[in-house]
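# Notes for the structure review
Each chain, letter by letter, is given below.
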Amino acid sequence: MEKKRTQFSSKIGFILAAAGSAVGLGNIWRFPYLAAKYGGGTFLFTYVILALTVGFALLVSETALGRKTGNNPIKAYKILGAKKLKIGGWLNSIIPMLIVPYYCVVGGWVCKYLFEYLRGSSQILTQDTYFSNFIANPISPAFWLVVFAVLTFIVVIKGVEKGIEKVSKILMPILVVIAIFISIYGLMTPGAIEGLKYYIIPDFSKFSIMTVIAAMGQMFYSLSIGMGILFTYGSYMKKVVDMEKAISQVEIMDTLIAFLAGLMIIPAVFAFSGKDSLNAGASLMFITMPKVFNSLQLGGFIGGVFFLLVLFAALTSAISLMECSVATLMEQFHISRKKAALAMIIEMLALGIPISLGYGVLGWIQPLGMTLLDFFDFVTNSCMMPISALCTALLII
Ligand code: PFF
């Protein structure tokens, strides 16, 4: 089966697919709320240093391992004879399977907001309690999760190149342009400059070990490291492609978009909601952006376009998460693409539905005192990914 692996037709094919995987909710939703929470400029500074050093080295390592072995992480570890590190191969394969269900939950939130913009009821989204009421609803978050998960499933079932390359080629530049526009507008709003200073000037009195842990988890998440993604994409990459150059372009793009998302959201938090909202966590983007759009002429339209682009960015990342899980299942269990995709969608719904209801009817389930979404986020980002990245680093030396 390995011989039939898809190949990217060109270097740009790899860049677009890897960037499509990297740029997603991690950049637009997760990075700004972590930066807001963990000291603004201090977090930004720590993140950039980590991404340029550890992040780059790991990106190159994973892609190279995938390209060299032409295989999924489990087999790649086996081929390289790393018996003691076998767990690394398994972790790389299991992590995306644990992330994709909760990724689809947040993707579902984006679908819901887009739907409200499309039907012209964006006004209600500016109410402070709208988001918390929505995620506490007993049905709505699960419904939207299913919508997003099924969309992802449909694209995956159609195959790698068709699905991923084409969509991201057109939409990524539009997302950048609109993010720049919204950032400039936000920065011209009274009160925003204080937020800008908070975001870009490091204040090392705010530095703590938590800053490093959060920035490191975000780096893995945002660059799609430690999850078998780049093993899989590396294995699709032709040997003639200049890998390091391609990867540095992906990394620069990913970091710039995260920076832009922070620039769009954090000063706006100061201008529209007040500093107290900095700790809003997972809800930050959803409570801040509708207020920005509401104050804009044509805000209903711009808000709709914004959530549509976020949806596509989220979709290309979810596709890559599901795609690499499907590839692993096919190769490990010798099953067809259809069967593997079916197994994945069942798993995504079985885990995703309880997670989506974890702010309402299932709010009583609090492993380690966290909501289900935070728990899955914590276990994958802060526990499993560092171990899997360490295994990859050890495999290389
Ligand atoms: N990197 C993606 C993002 O920033 O949204 C999320 C992601 C995609 C994480 C693929 C992990 C992954 F394997």
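Below: a short report on this structure. (Residues numbered from 1 in each chain as written. Predicted model: local features only at pLDDT ≥ 70, side-chain atom pairs only at ≥ 80, totals over all residues. Heavy atoms only, no water.)

### Observations concerning the overall build of the protein
From N to C terminus, the protein includes 16 helices and 0 strands. The globule rule puts the C-alpha radius of gyration for 397 residues at 21 Å, and the 20 Å found for the protein is close to it. In terms of overall dimensions, the protein has C-alpha extents of about 60 × 45 × 40 Å along its principal axes. In the protein, once contacts between residues fewer than 6 apart in sequence are set aside, the share between residues at least 24 apart is 83%. Of the roughly 15,700 Å² that the protein leaves accessible, carbon and sulfur atoms contribute 71%. Mean positive and mean negative side-chain charge positions of the protein (29 and 18 charges, respectively) differ by 10 Å. (Helix = DSSP H or I, 4+ residues; strand = E, 2+ residues; numbered from the N terminus. Rg over C-alpha atoms; globule rule 2.2 N^0.38 Å. Contact = heavy atoms within 4.5 Å. Areas by Shrake-Rupley, 256 points an atom, 1.4 Å probe, with all protein chains shown as cover. Lys, Arg positive; Asp, Glu negative; His and termini not counted. Charge placed at Lys NZ, Arg CZ, Asp CG, Glu CD.)

### Focus: the site of the ligand
Surrounding the ligand, one finds 15 residues, the nearest of these being Gly26, Tyr103, Tyr221, Met227 and Ile229. With respect to the ligand, the side chain of asparagine 27 contributes an N or O atom lying 3.2 Å from an oxygen atom. Tyrosine 103 is positioned with one of its side-chain polar atoms (N or O) 2.6 Å from an oxygen atom of the ligand. For the ligand, whose free accessible area comes to 330 Å², the fraction covered by protein is 100%. Considering only residue class, the shell around the ligand consists of 7 nonpolar, 8 polar and no charged. (Near = heavy atom within 4 Å. Polar contact = N/O pair within 3.5 Å; in protein donor to acceptor, adjacent residues only side chain to side chain. Nonpolar A, V, L, I, M, F, W, Y, C, P; charged D, E, K, R; others polar.)

### Quick word on unusual backbone geometry
The phi torsion at histidine 334 lies on the positive side, around 50 degrees, for a residue other than glycine. Relative to the helices and strands, histidine 334 is located in the loop between helix H14 (299-333) and helix H15 (337-356). At leucine 368, a residue that is not glycine, the phi angle is positive and equals roughly 55 degrees. Topologically, leucine 368 is positioned in the loop between H15 and helix H16 (372-396).

### Quick notes on the packing of aromatic side chains
On inspection of all chains with the given rule, the structure shows 28 aromatic pairs. Aromatic side chains tryptophan 109 and phenylalanine 131 sit 5.1 Å apart centroid to centroid with 85 degrees between the ring planes, which places their arrangement in the edge-to-face category. With tryptophan 109 in helix H5 (residues 86-118) and phenylalanine 131 in helix H6 (residues 130-136), this pair connects stretches of sequence that are 22 residues apart. For the pair shown, tryptophan 109 and phenylalanine 131 are each scored as buried. Seen from their ring centres, phenylalanine 293 and phenylalanine 307 are 6.5 Å apart, and the 70 degrees between their planes marks the pair as edge-to-face. Here phenylalanine 293, found in helix H13 (residues 284-294), pairs with phenylalanine 307, found in helix H14; they are 14 residues apart in sequence, far enough to count as distant. Of the aromatic side chains, those joined through ring pairs into one cluster are Trp109, Tyr113, Tyr117, Tyr130, Phe131, Phe134, Phe286, Phe293, Phe306, Phe307 and Tyr359. Positioned above the aromatic ring of tyrosine 221 is the side chain of arginine 30, whose terminal nitrogen or guanidinium carbon lies 4.6 Å from the ring centre. (Phe/Tyr/Trp six-rings, centres within 6.5 Å; stacked < 30°, edge-to-face > 60°. Buried < 20%, exposed > 50% of the residue type's maximum accessible area, 1.4 Å probe, protein only. Lys NZ or Arg CZ within 6 Å of the ring centre and 35° of its normal.)

### What about the packing of helix H2 (residues 25-37) against H13?
The packing of two helices is summarised by the inter-axis angle and the distance between the axes. In the contact formed by H2 and H13, the axes pass within 9 Å of each other and the chain directions differ by 95 degrees. Considering their axes alone, H2 and H13 lie roughly perpendicular with respect to each other. Residues Ile28, Trp29, Pro32, Tyr33 and Ala36 of H2 form the contact with H13, whose own contacting residues are Leu284, Met285 and Phe286. Per-class residue counts for the contact of H2 with H13 are 8 nonpolar, no polar and no charged. (Axes fitted to C-alpha atoms, helices over the stretch in contact; angles between N-to-C directions. Parallel < 35°, antiparallel > 145°, perpendicular 65-115°, else oblique.)

### Some thoughts on the pattern of salt bridges
For the structure on display, the rule yields 7 salt bridges. Across the pair arginine 119 and glutamate 116 runs a salt bridge whose closest N-O atoms are separated by 2.9 Å. Accessibility expressed as a relative area gives 1% for glutamate 116, which makes it buried. The residue lysine 291 makes a salt bridge to aspartate 128 at a minimum N-O spacing of 2.8 Å. Of this pair, lysine 291 sits in helix H13 while aspartate 128 sits in the loop between H5 and H6; the two residues are 163 residues apart in sequence, bridging distant segments of the chain. (Salt bridge = Lys/Arg side-chain N within 4 Å of Asp/Glu carboxyl O.)

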